[in-house]
Amino acid sequence: PEVITVGDLAELLETHAAAVIKDLMKMGILASVSQSIQGDQAAAVAEAMGLSVTRGTDIDVEARALEQDEDTDEQLKPRPPVVTVMGHVDHGKTSLLD
């Protein structure tokens with residue numbers, strides 16, 4: 001991606017956010033867990049952790065999603081509908097579902 005948050009990058013790298021922040025600080029970049037960093041900075045952090053980085057495009061992601069097989073009728077199973085009762089909180093003065 002062009003930008004990614006430090007927390008999301010740590011999750012992708014399967015490490016703690018503190019380790020990612022530490023590597024960013026070594027590169028002179030100050031960022032918190034919720035801040036976004038550029039893709040090239042994220043790639044540099046991953047490479048500093050000994051991982052190889054291959055950058056794709058959004059088109060690659062879309063193509064992979066479209067390549068997935070559709071479910072056949074035999075794979076589909078009927079399921080009950082989801083029913084939601086919405087309204088204000090009655091604080092016990094009335095009983096809605098009696």
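Preceding this paragraph is the structure being described.
Quick summary incoming for the structure in this document. (Residues numbered from 1 in each chain as written. Predicted model: local features only at pLDDT ≥ 70, side-chain atom pairs only at ≥ 80, totals over all residues. Heavy atoms only, no water.)

Assignment of secondary structure puts Leu9 in helix α1 (residues 6-12). For Leu9, a relative accessible area of 5% gives the class buried. The spatial distance from the C-alpha of Leu9 to the C-alpha of Val33 is 9.3 Å, given a sequence separation of 24 residues. Setting aside residues no more than four positions away along its own chain, Leu9 makes contact with Ile4, Val20, Ile37, Ala42 and Val45. (Helix = DSSP H or I, 4+ residues; strand = E, 2+ residues; numbered from the N terminus. Buried < 20%, exposed > 50% of the residue type's maximum accessible area, 1.4 Å probe, protein only. Contact = heavy atoms within 4.5 Å.)

Below, the discussion takes up the nonpolar core. A general trend in soluble globular proteins is that nonpolar side chains are found buried together. Counting residues in each nonpolar core, the largest one holds 14 residues, and the members touching the most others are Val6, Leu9, Leu13, Val20, Leu24, Ile37 and Val45. Mapped by element, the contributors of at least two residues to this core are α1, α2 (17-26) and α3 (39-48). Ignoring sequence-local partners within four residues, the contact set of Val6 consists of Ala17, Val20, Ile21, Leu24, Ala31, Ser32, Val33, Gln35 and Ile37. (Core = buried A, V, L, I, M, F, W, Y, C linked by side-chain atoms within 4.5 Å.)

Another aspect to go through is α3. Because each turn of an α-helix spans 3.6 residues, side chains separated by three or four positions end up pointing in the same direction. All of the buried residues along α3 are Gly39, Ala42, Ala43, Val45 and Ala46. Buried residues of α3, viewed axially, fall in a sector of 160°; they line one side. Those residues of α3 that are exposed and aimed more than 90 degrees away from the buried face are Asp40 and Ala48. In this fold, the buried residues of α3 make contact with β1 (3-5), α1, α2 and β2 (36-38). Just downstream of α3, Gly50 is the residue with a positive phi angle, here 85°. (Arc of directions from axis to C-beta.)

By the element assignment, Asp8 lies in helix α1. Separated by 26 residues in sequence, Asp8 and Ser34 place their C-alpha atoms 8.6 Å apart. Looking at Asp8, its side chain comes within polar contact range of the side chain of Thr5, at 3.0 Å. (Polar contact = N/O pair within 3.5 Å; in protein donor to acceptor, adjacent residues only side chain to side chain.)

Interpretation in functional terms is not warranted from these geometric data alone.
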